[in-house]
Amino acid sequence: MLDVIATTFVNLVTSASLIYLLGGVLLGLVVGILPALGGTAGMALLIPFVFGLEPNAALAMMTGLLAVVATGDTVTSILMGIPGSAASQATILDGFPLAKRGEAARALSAAYVASAAGGVIGAMVLTAAILVARPIILAFGTGEMLLLVLLGISMVCVLSGSSLVKGLIACALGLLVGAVGAAPATSEYRMIMGNFYLADGVPLVAVALGVFALPEIIDLLRRDAAISSAMSIGRGWLQGAIDCWIHKGVVLRTSAIGCLIGALPGIGGSVVDWIAYGHTVQTARDKSQFGKGDIRGVIGVEASNNSVQGGALVPTLIFGIPGSGSTAIFLAGLILIGLQPGMAMVEQNLDVTYTIIWSLAIANILGAGFCFMISGQMAKLTLVRYVYLAPYMLAIVFYASFQSSGDWGDMVALIAMGLIGCYLRRFGYSRPAFLIGFVLQNNIETYLYQTMQFYTLGDLARRPLIWILFAVIVISLYFGLKHRPKNQTEGVSGELSATTLWPQAIFLLLALAAVVYCVYDVRKFYLLGSIFPLTVCAFLAPLLLYGLWRVLARDLSDPILFDSESEWRLKEEGYVASLGHYVLWILGFVGLTYLVGFLIGIALFFVLFLAVKSPAGWGGIALMTGAVVAFFMAISYFLVLDLPRGLLQNVYRLPWPIG
Amino acid sequence: MRRIWLVALATLLGSVMFRAAPAAAQAVDFKGKRIEFIIPFAAGGGSDVWARFFQPYLEKYLPGNPTVLVKNQPGGTGIAGTNQFHLRAQPDGLTVLGTTGSVQLPYLLDDPRVKYEYKEWTSIMVSPTGGVSYVQPALGLKSADDIEKLKGQKMKYGSQGVSSLDMVAVLAYELLGLDVQVVFGLKGRADGRLAFERGEVGIDYQTTSAYVKNVEPLVKAGKAVPLFAWGVLDEKGDVIRDPTFPNLPSYVEVYEKMHGKKPAGVEWEAYKSFFTAGFAAQKIIVLPKGTPANIVAVWREAIGRVVRDPEFIARSKNELGDYKQAVGPDAATLTNVAINVDPTSKAWIKNWLVTKYNYKPDAD
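Since the model is a prediction, treat every value here as computed from it, not as a measurement.

What about the pairing of strand 9 (residues 225-229) of chain B?
Residue and element names in this part refer to chain B. Most of strand 9 is tucked away: five of the five residues are buried. Bridge analysis of strand 5 (residues 131-135) against strand 9 gives four bridges, and the strand direction is antiparallel. Each residue of the ladder has a partner; that of Val 135, found in strand 9, is Val 225.

In structure tokens, the structure reads:
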């Protein structure tokens, strides 16, 4: 076996495969950096080129891409506060505050080193696990999966911030939004308001970008400054690497978490980062800086989201069952080059397996290296006045959302989620808790339902893994509750004072209205279709009523009461416009797009926005508008992606690209 | 820098004009064109792999060797992308759609989300597929010969949803008289196999290529017992043994063994029509409504040459199973059989889904 390992390495680095590996890495970084695209889209782009390639070259290219998306997406998450792909949502929590503080270089460097380390650990685990993992994966039945998902939910404890009640409210709201659409057990359409777009549920991209990116864009606009408060991006490149070395325990543990969760088909890569983040916070002694720019928050997440690919390849290769969206296409690619994934391939074509593993390890290191090279320039974006960046960010975010189903509903969903995100942020409700609830909803419901059908309680009690996982959850809850970090994960920290309380009361009343609507909507459903949302409502309603009572009691010492807006108006200067002001601008942009289509809409919006908000002259405005139009024309032409159409295009048939 | 932008812009504008040029009326030539092969499902799924398998051969045989791009438009279990195609696609031969059983089924069940109409399209190729049902060895069977041992035994079966293709299998099991409890919420067929390997379900089926790759090793290791293959339709429309699995009985054979008589009656007719839409004519390449005859002819000719390509034939046995890809008039005939279900069968299926499995065709 060792000789196979050695020869595959030599073959890989001495043949043209290395060039293809490099190509895969570069494409992976690009799709990682662009919020519109992630690993799944990147793999799909690659597939046509794979056909007809020599198998080793194809393997190297596909693995190269797979490996580094989670390295590239870090750049956007840390520098812009926008998730570059679903895998690095949690990176934002500490990475973006670091960038704002002028420590972008340190955060990026720590992230890259952690990514490379996590990726290599993932490759090592894959090497060791590939021949023995089958019984382990089969030992995880739906019952065990359910407990793992619940372990994910238990992380809400450490992500709640100052008020656990509000964390739970946010999580339950996430569960409720997640429950929109076809019920897993009965296929009944829940809470779709007569709109079939919602039959598939609210897309993850709209939720992630809406809840994280839009509020951040608006907030930065209102400050009217650059992202970074410092005048340079800092010289922390070396410091970041040292940070990783100091916290090598975090790197090892979160890499292990990434591998395990990646290896279990069905949990999904978008949860790994949150579990890793929660774990990092739980096990840290000093929790006071998390959410404000603790480097461990970045390291933990980045190690896990690269190692997850090594884990995800285990079931892909030995069962032919992908562990993530991008490995699903990887699987398709293997079939296209004539390989049949499964135990037979792993055992008989060891060279194929080790080519993949070596490519994974090398790509992770190459990816981190490339990122180091380009980051210096990229990071300068944080020094640019934000009015110049904002229109690009808005255009990309809306375009990204539109790609999830190519329906106008995607744009509306993004706006709706953006509004929820803005107000969650304003009133100090944990957005991570909301997202965790949303992401895990489907898994909880499906696994709960399937576990009840597949097993009796007696069956479950006889499975030792169930007890082990149960113990892990109890321990996680114990530590989470005992040493709960009290710092605000949302908005600015500081004393929690608010003199005008009615906006918070209205927020809670609206949430209560959503609960009432949900109960009303599912009232006639079959038990299996309605039991989950009703349980969530039964849990959420008392929390909301409790919150309302606290607000009405006007006890300002209670951490439930929090409104960052009134704080800003009272104390903080530098905000030049209200929240509603920029919400209207964004609505105006979407309205324009609705009338005249995306490309014309974006051009008009750029001209208007820059003319009103920025000091740029007409020449500059024309240049910036031209650049964005050219960018979207190129991306839609070369990637064969549609641009949102407007009313104009429905009435008249116009030529591409405006048609 | 500005110069680069200008050049890029000029190039793009150039390609725009090119793209906007109308399809030539006389000799159809796709030289330099881009053809979008729309798959209303995510990349990596069965339909996607199928389309990507055809893609290079289409490029090779379409006149002018155009670039063929597989374009994924997922959402609404295939309905959303198919609706888009129906409403938007231009009849210039530059856009084709690959449909599948799970797009056919909601159409047949009059799902209110369906805005497409198969009868307005031109079918140019039909890919049949098969499937094999298999059970846990613990149920006491050695082979399909012992199928009567299943009588009275309770088995679980994992399905992707009430109106999904998996329900064809449920109907098949029910007509056989098997006692099957359906568990919903699977994310794909592969999930069913994983549940089977974990011992959570007693019976499962996989389509041909997945069965060959992933279940046959289990059978060899004594961890699964194959029961029967669905079978394929002969020229008279009768179900015969699947050529990919000559040693496995067809569904009709096991039915006769179970019941001692040939299948008949309204429920059999209903099963057969949904089986046809789901398997015998599972994947169809169609051109949009209003496509002129000369473009249709060019596509038919190209597809005909694809399926006669020796390399294609050699590879397709492995990738698509040992099935005859229906082209030319056969394609149209098979598609007609698949999308024209007689009203009695349709009513019977709907009633069966509603009363037994809580199917709600109309969301309120």
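Looking at the domain arrangement of chain B
Think of interface size as the accessible area that goes away when the parts come together; that is how it is often given. Residue and element names in this part refer to chain B. By the assigned domains, chain B splits into domain 1 (28-128 + 281-343) and domain 2 (131-278). The interface of domain 1 with domain 2 comprises 15 residues on the first partner and 16 residues on the second. At the boundary of domain 1 and domain 2, one finds zero salt bridges. Every element with two or more residues in the side of domain 1 that touches domain 2 is listed here: helix 4 (101-108) and helix 12 (329-339). Per-class residue counts for the side of domain 1 that touches domain 2 are eight nonpolar, five polar and two charged.

Thoughts on the domain arrangement of chain A
Residue and element names in this part refer to chain A. Once the domains are mapped, chain A shows domain 1 (2-226 + 242-543) and domain 2 (579-651). If you average the C-alpha positions of domain 1 and of domain 2, the two centres end up 30 Å apart. Counting residues at the interface gives 26 residues for domain 1 and 32 residues for domain 2. Taking both partners together, domain 1 and domain 2 bury about 2,700 Å²; carbon and sulfur atoms supply 84% of that area. The largest contributions to the domain 1 side of the interface with domain 2 come from Tyr 392, Tyr 399 and Trp 408, which together make up 24% of the buried area.

Details of the sheet that holds strand 5 of chain B
Whenever strands of a sheet pair, they do so through backbone hydrogen bonds, lying parallel or antiparallel. Residues and elements named next belong to chain B. One open sheet accounts for three strands, arranged 8-5-9; its pairing is antiparallel. Each edge of the open sheet is held by one strand with a lone partner, namely strand 8 (203-207) and strand 9. Neighbouring strand axes in the sheet, compared pairwise and without regard to direction, differ in orientation by 30 degrees on average.

Brief notes about the sheet that holds strand 3 (residues 95-99) of chain B
Residue and element names in this part refer to chain B. The strand order across the open sheet built from six strands is 2-1-3-12-4-13, with neighbouring strands paired in mixed fashion. Since the sheet does not close on itself, it has two edges, and those belong to strand 2 (67-72) and strand 13 (326-327), each with one partner. This element, helix 2 (residues 46-61), spans strand 1 (34-39), strand 2, strand 3, strand 4 (122-127) and strand 12 (283-287) of the sheet and lies at about 170 degrees to strand 2.

Here we look at the interface of chain B and chain A
Taken together, the contacts link 55 residues of chain B with 57 residues of chain A. There are one salt bridge connecting chain B and chain A. Notably, a salt bridge pairs Glu197(B) with Arg134(A), separated by 2.6 Å at the nearest N-O pair. Summed over the shared surface of chain B and chain A, the number is 14 residue pairs in polar contact (both at pLDDT 80 or more). Looking at the side of chain B that touches chain A residue by residue, the classes come out as 23 nonpolar, 14 polar and 18 charged.

Overview of the packing of aromatic side chains
Overall, the coordinates contain 56 aromatic pairs over all chains when judged by the stated rule. Seen from their ring centres, Tyr118(B) and Trp121(B) are 4.9 Å apart, and the 55 degrees between their planes marks the pair as tilted. Through pairs of rings, three or more aromatic residues link up here, namely Phe398(A), Tyr399(A), Trp585(A), Phe589(A), Phe598(A), Phe605(A), Phe609(A), Phe631(A) and Phe632(A). Cation over ring: Arg34(B) sits above Tyr637(A), and NZ or CZ is 4.0 Å from the ring centre. Between the NZ or CZ atom of Arg189(B) and the centre of the ring of Tyr205(B), over which it lies, the distance is 4.6 Å.

Some remarks on the state of the cysteines
Under the definition given, this model contains zero disulfides over all chains. Take Cys518(A): it sits in no disulfide, and the sulfur closest to it among the cysteines is that of Cys537(A), at 3.6 Å.

Quick notes on helix 21 (residues 431-454) of chain A
All names here are of chain A. Helix length check: helix 21, at 24 residues, gives a terminal C-alpha distance of 34 Å against a target of 34 Å (1.5 Å per residue), a fit within 8%. Bending of helix 21 peaks at approximately 45 degrees at the position of Leu 440. For helix 21, the tally of buried residues reaches 21 of 24 residues, placing the bulk of the element in the interior. If you check the start of helix 21, you find a side-chain oxygen 3.1 Å away from the backbone N of Ala 433, and it comes from Ser 430.

Some thoughts on the nonpolar core
Residues Phe398(A) and Trp299(B) are the most contacted members of the largest nonpolar core, which totals 348 residues. Sort the elements by how many residues they give to this core and helix 4 (residues 55-80) of chain A lands first, with 14 residues. Setting aside anything within four residues of it in sequence, one finds Trp299(B) in contact with Phe30(B), Ile35(B), Leu58(B), Leu62(B), Gly93(B), Val96(B), Ile124(B) and Leu287(B).

Considering the pairing of strand 3 of chain B
Residue and element names in this part refer to chain B. Among the five residues that make up strand 3, five are buried, leaving the element largely enclosed by the rest of the structure. Side chains of strand 3 alternate between two faces, with Thr 95, Leu 97 and Thr 99 and Val 96 and Gly 98 buried alike. Pairing analysis gives three bridges linking strand 1 to strand 3, with the strands arranged parallel. Directly across from Phe 37, in strand 3, lies its bridge partner Val 96. In this sheet, strand 12 lies alongside strand 3 in antiparallel orientation, the contact comprising three bridges. In the strand pairing of strand 12, Gly 98 is matched with Ile 285.

Calculation notes
- Residues numbered from 1 in each chain as written.
- Chains lettered and ligands numbered in written order.
- Predicted model: local features only at pLDDT ≥ 70, side-chain atom pairs only at ≥ 80, totals over all residues.
- Heavy atoms only, no water.
- Buried < 20%, exposed > 50% of the residue type's maximum accessible area, 1.4 Å probe, protein only.
- Helix = DSSP H or I, 4+ residues; strand = E, 2+ residues; numbered from the N terminus.
- Pairing = 2+ DSSP bridges.
- Domains from an automatic or database assignment.
- Contact = heavy atoms within 4.5 Å.
- Salt bridge = Lys/Arg side-chain N within 4 Å of Asp/Glu carboxyl O.
- Nonpolar A, V, L, I, M, F, W, Y, C, P; charged D, E, K, R; others polar.
- Buried area = accessible area lost by both parts, 1.4 Å probe.
- Axes fitted to C-alpha atoms, helices over the stretch in contact; angles between N-to-C directions.
- Polar contact = N/O pair within 3.5 Å; in protein donor to acceptor, adjacent residues only side chain to side chain.
- Phe/Tyr/Trp six-rings, centres within 6.5 Å; stacked < 30°, edge-to-face > 60°.
- Lys NZ or Arg CZ within 6 Å of the ring centre and 35° of its normal.
- Disulfide = S-S within 2.5 Å.
- Expected span 1.5 Å × (residues − 1).
- Bend = angle between axes of the 7 residues up to and from the residue.
- Core = buried A, V, L, I, M, F, W, Y, C linked by side-chain atoms within 4.5 Å.

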